[in-house]
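# Examining the three-dimensional arrangement
The chain contents come next:
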Amino acid sequence: MNMFWLLVLMVFCNGLFMRTSTTSVSTRPNVVNIGAILSFNSSIGKVAKVAIETAIKDVNDNPAILNGTTLKIAMQDSKLSSGFLGIVEALRFMENDTVAILGPQHSVMAHVISHISNELNVPLLSFAATDPTLNSLQFPYFVRTTQSDLFQMAAVAEIVAYYEWRDVIAIYIDDDHGRNGVVALGDKLAEKRCKISYKAPMRPHLTQDDITNALVKVALMESQIIILHIYDTWGLKVLNVARNMGMLGSGYVWIATDWLYTILDTESSLSSPAAMDSIQGVLTLRMHTPNSELKSKFVSRWSNLTAGVGNTNNSPLRINTYGLYAYDSVLLLAHALDDFFKQGKNITFSNDLNLTEFRGGNLRFDAMSRFDGGAQLLENILQANMSGVTGSIKFTLDGDLIHPSYEIINVIGTGIRTIGYWSNSSGLSAVPPEKVNANPNGSSSNQPSLYGVIWPGQTTQKPRGWVFSSNGRQLRVGVPIRVNYREFVSRIEGSATFNGYCIDVFTAALDLLPYPVPYKFIPFGDGHSNPIGQDLLHKITTGDFDVVVGDIAITTNRTKIVDFTQPYIESGLVVVAPVSKLNSSAWAFLRPFTPLMWCVTGISFLLLGVVVWILERRTNDEFRGPPRKQFFTIIWFSFSTLFFAHRENIASILGRLVLVIWLFVVLILNSSYTASLTSILTVERLSSPVKGIESLIASNDPIGYQSGSYIDNYLSNELNILRSRLVPLNTPIEYEKALKDGPNKGGVAAVVDERAKMELFLSARCEFGIVGQEFTKMGWGFAFPRDSPLAIDMSTAILKLSENGGLQRIRNKWLTRSACSSEGAKEDVDRLQLKSFWGLFLLCGSAGFLALLLYLIKMVRQYTRHSDGSSNKSFISFVKEKESDDADKMQSEESKSGAKRTRSDRVSNRIVHEDESLDGYNRGAYTVYEA
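When helix α22 (residues 711–718) is considered as a whole, its buried residues turn out to be Ile711, Asp712, Tyr714, Leu715 and Ser716. Residues of α22 that are buried make contact with β26 (573–578), β29 (703–706), β30 (726–729) and β31 (750–754). Positioned one or two residues after α22, Asn720 has a phi angle of 60 degrees, which is positive.

Locating Glu191 in the fold gives a position in helix α7 (residues 176–191). In sequence terms Glu191 and Glu158 are 33 residues apart; their C-alpha atoms lie 9.5 Å from each other.

Structurally, Tyr406 is set in strand β16 (residues 405–412). With 17 residues separating them in the primary sequence, Tyr406 and Ser423 have C-alpha atoms 6.4 Å apart. When neighbours within four sequence positions are excluded, Tyr406 is seen to be in contact with Gln147, Ser148, Phe151, Gln152, Leu285, Arg286, Met287, His288, Gly420, Tyr421 and Trp422. A distance of 3.4 Å separates a polar atom in the side chain of Tyr406 from the backbone oxygen of Ser148.

We now examine the nonpolar core. It is characteristic of soluble globular proteins that their nonpolar side chains tend to be buried jointly. Among the nonpolar cores identified, the biggest contains 102 residues, and Ile52, Leu71, Val99, Phe127, Ile255, Leu337 and Ile381 are the most heavily contacted of them. It is helix α13 (residues 321–342) that contributes the most residues to this core, 14 residues altogether. Residues Tyr714, Leu726, Leu801 and Leu807 belong to the second largest nonpolar core, which totals 74 residues.

Here eight strands make up an open sheet; going across it, the order is β8-β7-β9-β10-β11-β16-β17-β18 and the pairing mixed. In this open sheet, the two strands that pair with only one neighbour each are β8 (195–202) and β18 (427–429). Ignoring strand direction, the axes of neighbouring strands in this sheet form an average angle of 25 degrees. Note that strand β11 (residues 283–287) and β16 share five bridges and pair antiparallel. The residue of β16 that forms the bridge with Arg286 is Glu407. Most of the contacts of helix α10 (residues 259–266) go to β11, to which it runs at about 75 degrees, and overall it touches β9 (225–229), β10 (253–256), β11, β16 and β17 (415–423).

Right, let's talk about unusual backbone geometry for a bit. Of all residues except glycine, most have a negative phi; of all peptide bonds, most are trans. Following Gly103, the chain continues into Pro104 via a peptide bond in cis, with omega recorded as 0 degrees. Tracing the backbone through its elements, the reader meets Pro104 in the loop between β4 (98–102) and α5 (107–120). The backbone of Glu164 shows a phi angle near 65 degrees, a positive value even though the residue is not glycine. With respect to the element layout, Glu164 can be found in the loop between α6 (149–162) and β7 (167–173). The phi torsion at His403 lies on the positive side, around 55 degrees, for a residue other than glycine. Mapped onto the fold, His403 is located in the loop between β15 (391–394) and β16.

A separate point is the pattern of salt bridges. The tally for this structure, following the rule as stated, stands at 34 salt bridges. For Asp544, the salt bridge goes to Lys539, with nearest N and O atoms at 3.5 Å. In this structure Asp544 comes out as partly exposed when scored by relative accessible area, which is 35%. With a relative accessible area of 29%, Lys539 lands in the partly exposed category. Look at the salt bridges and you will find they share partners, linking Arg482, Asp551, Glu754 and Lys757 into a network.

Those residues of helix α23 (residues 732–741) that sit buried are Pro732, Tyr735, Glu736, Ala738 and Leu739. At its buried positions, α23 is contacted by β26, β29, β30, β31, α24 (755–762) and β32 (768–771). Just downstream of α23 lies Gly742, where phi reads positive at about 75 degrees.

Right, let's talk about the packing of aromatic side chains for a bit. Under the counting rule described, the total for this entry stands at 28 aromatic pairs. Residues Phe340 and Phe371 carry aromatic rings whose centres are separated by 6.2 Å and whose planes lie at 50 degrees to one another, so their mutual orientation is tilted. Taken together, the residues Phe340 in helix α13 and Phe371 in strand β13 (residues 369–371) connect sequence positions 31 residues apart. Here Phe340 and Phe371 have matching classes, each one buried. Aromatic side chains Trp466 and Tyr515 sit 5.3 Å apart centroid to centroid with 75 degrees between the ring planes, which places their arrangement in the edge-to-face category. Of this pair, Trp466 sits in the loop between α15 (433–438) and β19 (475–480) while Tyr515 sits in the loop between α16 (501–511) and β22 (519–524), placing them 49 residues apart in sequence. The burial state of Trp466 is the same as that of Tyr515; both residues are buried. One aromatic cluster in this structure is built from Phe488, Phe498, Tyr501, Phe506, Tyr519, Phe521, Tyr568, Trp780 and Phe782. We note Lys49 situated over the ring of Phe40; from NZ or CZ to the ring centre the distance is 5.5 Å.

About the thresholds
Residues numbered from 1 in each chain as written. Predicted model: local features only at pLDDT ≥ 70, side-chain atom pairs only at ≥ 80, totals over all residues. Heavy atoms only, no water. Buried < 20%, exposed > 50% of the residue type's maximum accessible area, 1.4 Å probe, protein only. Helix = DSSP H or I, 4+ residues; strand = E, 2+ residues; numbered from the N terminus. Contact = heavy atoms within 4.5 Å. Polar contact = N/O pair within 3.5 Å; in protein donor to acceptor, adjacent residues only side chain to side chain. Core = buried A, V, L, I, M, F, W, Y, C linked by side-chain atoms within 4.5 Å. Pairing = 2+ DSSP bridges. Axes fitted to C-alpha atoms, helices over the stretch in contact; angles between N-to-C directions. Salt bridge = Lys/Arg side-chain N within 4 Å of Asp/Glu carboxyl O. Phe/Tyr/Trp six-rings, centres within 6.5 Å; stacked < 30°, edge-to-face > 60°. Lys NZ or Arg CZ within 6 Å of the ring centre and 35° of its normal.

See the structure below:
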């Protein structure tokens, strides 16, 4: 605000704002005064000056817009200055009654003039000030009629994320325009999980030495993705110095904001090969304006409009995007003024009541007046909905133009190529955003997001985007000083070097990188106890280490603070406990089955005998007889099926069906038992009271773990084991002693540790073994800072080591183990359990149940039919009888009934014959008598 008041004083010293206390004009004045602030000699200013003058003429020549009112413009040249003197010169046009200002061109100037605009209620329509902090909240009278750098930086961030780069370097002018643009870039990159790794600010008034010094620092950085956000005045000089330093060669990526394409659009002299050499392969952006009839007509008029107007080298002046927005700014203001007059408003100015206390004196503060209709004119501008040469002109609630979009340009040879587009609605696309928006479900989804790029160095291969820093700084490798398991990491006495399995894998992976990486090992730990892994990783977050190498397991919590490479060794958690050999005994034949399996198998044999006995008893004499005989028949038949030695014939269909299914079950049980017993008698087995992690959780015995590791947190937090049961141990000797003492003598029941370490521990201690299964699946990796590109390259190198056998050779060198380390207490696991055969038992049981059900239905039907024969026999008695006896009785009764019917028939036939004889005799006698 101090600069503001100083400006006001100087303005009044020059006699600005001298007018009566109140000025009023008619509703439709003959002339309306507007102003424009431009830098006439800049690429933007030269084009904008012509565009504004053309727009003023078009408005004044068209009576349909202002209905006879003439726009009169006063232009002031800021002379390439965005500082104090340029502002003072630009304010001279405000001696007249000015209702609006076109400009200013520079964001720095816009910040200061916006304060005056707010005080005077004069809208500022800037077609070139792109600073994203020039918002409607702080500066309500500032209207940006072009795109904000907020959207341009969003486009840059999406390009960076599209090519999977993570770190960029920002070179910018250290003023409001440069700083605020880079801040917006950092915010947009953070949304894509990217970041600005180095910022290179430059003074607003640069020299060749300033550029060289800044680029020397940039060249020493790891990232080779450079964002150049600068003014067109200095941009080409920066690129030319970079080319001379070899920074426009292969491996580099330069993304210039829209200042570069503004020059390419305007300066035809840049089409020469000499001028294009310093920008080969550079990506740049241009504000996208859709093709339209209005745009085509205006562009076709441009050569006539600029006749006699050219660049300093007499080359023709070509149109750029800022010129289009300058033209539309005039049209927008004219239509807003027309609406203002249609609303019955007058253009009047009044004294600023806040300054009446400064009345008098040479500075004449009381002469400062404000535009009374400024608020209404501002509202009309923001509510505009029209079409111009740049497309649709409409503002969002935040005061930005709708549908911001950019073209992505690749400089190739002596020309350019559009490789794609960006818009805030559709992101990156190979087709213009208006086509994407017009047909969101069309075939554009099959198009690539961006077309191919010719990168610096004339290569089409996407640059990696970074190299290891060449500033002489070595990679700081943090290495734990272990007191045990020195096969993994150990420090050579009397030197600063390390060796071991982890060290060899790290150095072998570094040798496979396509670039050299100088490094130095930095020890971590006191040498008396194992360092805590979390503390070691914390050194990465504080910047003390660039990488950590050692027995560092990859866990979920650790991945939240660092990035890990591809695991180079699998090492989950296992349980180690004392084991003893299982010698053969007189009861070794019982080991193949668990007790439950034996019980279920025996019961199944008995049930099979009972089912077959029920099905066969009524029809098969071999299953009948006294109760004692039937009982022994059931027992004998049941267990004789084990050897397929049953002698009893099965007559019924249901009995045969049940027996076939049961014999199949017996076959499976027999084969499994034989195989398991063979294994038990021929392979040495180990036994332990601890069966695995489940038995440890269920018990209350103490559990040992490696001190300083993540295991205690895992056991307590994930498996809910009380911390009072956990015993920290440091060395293998302590492991051995604690396991031998056992829980009864102050030791532990088992030790939980990583498999790789336990295999080394067991290689010389065969009285212990791994019991149960590995209950976590983890691995070891090298830890790097978050989003480190070196972590990705190291992961690729580790995969190459795995493919070419290098990892296995290093493992054989350091981690060779003896046979006893792989032995464990597996006798309980190898015993055949019921869960492996429940399907067979279920099948057999279902078959027996179904057979009994069908048999019962059959018996009920026979009993019902038998009861119809007036028999008083009960159902139980009926079932107990043999089925052939019942048939004989029924057949006897039927025979007796048939005999009675035969005798009756005979008597009847005899009577009939006698009657017939008598009738014949009577007929003969009658005949004789007649004769």
